[in-house]
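# Examining the three-dimensional arrangement
Take a look at the letters that make up each chain.
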Amino acid sequence: MAKTVPRCLAVFNMKGGVGKSTTVYNLAAGLVRFKKQRVLLVDIDPQGNSSAALGIDIWQLTTQLKDVLQRRVGMEQVVVKTASGVDVVPSNILLAEEEIPISGMPGREVLLKKALTPHIDRYDFILIDCPPNVGVFAVNALMASFAVIIPVDMSYLGLLGIQGIERTLTLIREHLDHPIRIAGVLATRFDGRNNLSKEVLGSLKTHFGDKMFQAVIPETVKLREAPSHKQSIFEYDSNGVGAKAYRQLIDEVYKWQ
Ligand SMILES: Nc1ncnc2c1ncn2[C@@H]1O[C@H](COP(=O)(O)OP(=O)(O)OP(=O)(O)O)[C@@H](O)[C@H]1O
Ligand SMILES: [Mg+2]
């Protein structure tokens, strides 16, 4: 079923290494593969991880997201069509070098939203990979999105970071007047042999209740290896536990209203 309004979702957590990029690129590839959706992935992280995982050579970019944010080129000049079927607006470290100039631009919080607006009819889903901080790029991602997916890794520090995430979303709602919703909180890097994983998952379920996705992403070496083969987990290890968990997440995200 093609949707007329694209679902623009930011994958956000200011903690690093929780599986934001792993989630974004596998979710994007899976929505194309299993749900036949038209998907745009916007990589607003200067690390360029989700761009690279989908096979883009991030060191050979002639144009990229920063040029769009600075209104030098249109979005259509930057989109890369990848073998996965996902359209990608890529970034590399040059985005970080433009952070201060971009932060000084008028309307700095809504540069991405403005750039995306003329293109939203072309996509069913727009997924945004956020950097691990709450700077101008993360704020642009949140302001362009109608909801957020929050991956949380199974660690004490992961749990501790929840309050900061909630505070950021409150600031976006109250100070920037953008009614962003939580699409779901995603437990990532779950290791069933480890008591801490079970305790953290239990605490998340207590705190977030039905805002938790049912899918729980396991810690598995296949998810770590797949980007080096420029493949989604559905190509690299289609029958493994990582693919199964991300497949479940895709069903949940696809159905989410
Ligand atoms: N479920 C998993 N099992 C095993 N390795 C994983 C899993 N999820 C992510 N990784 C690996 O952990 C590292 C960090 O993951 P990823 O880059 O997705 O996190 P991130 O939140 O995007 O990080 P950053 O905040 O730096 O952008 C990567 O090497 C990735 O391959
Ligand atoms: Mg990342």
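The rules behind these values
- Residues numbered from 1 in each chain as written.
- Chains lettered and ligands numbered in written order.
- Predicted model: local features only at pLDDT ≥ 70, side-chain atom pairs only at ≥ 80, totals over all residues.
- Heavy atoms only, no water.
- Buried < 20%, exposed > 50% of the residue type's maximum accessible area, 1.4 Å probe, protein only.
- Helix = DSSP H or I, 4+ residues; strand = E, 2+ residues; numbered from the N terminus.
- Near = heavy atom within 4 Å.
- Polar contact = N/O pair within 3.5 Å; in protein donor to acceptor, adjacent residues only side chain to side chain.
- Areas by Shrake-Rupley, 256 points an atom, 1.4 Å probe, with all protein chains shown as cover.
- Nonpolar A, V, L, I, M, F, W, Y, C, P; charged D, E, K, R; others polar.

## Notes on helix 7 (residues 136-144)
Burial runs high along helix 7: 9 of the 9 residues are buried. Listed as buried for helix 7 are Val136, Phe137, Ala138, Val139, Asn140, Ala141, Leu142, Met143 and Ala144.

## Description of the site of ligand 1
Around ligand 1 sit 18 residues in total, of which Lys20, Ser21, Thr22, Arg189 and Pro218 are the nearest. A distance of 3.0 Å separates an oxygen atom of ligand 1 from a polar atom in the backbone of Gly19. For ligand 1, a nitrogen atom lies 3.0 Å from a polar atom in the backbone of Thr220. Against a free-state accessible area of 620 Å², the protein chains account for coverage of 86% of ligand 1. When contributions to the shell around ligand 1 are tallied by element, the ones reaching two or more residues are helix 1 (20-35), strand 8 (212-218) and helix 11 (221-225). Looking at the shell around ligand 1 element by element, the count peaks at 3 residues for helix 1. Residues that form the shell around ligand 1 fall into these classes: 5 nonpolar, 7 polar and 6 charged.

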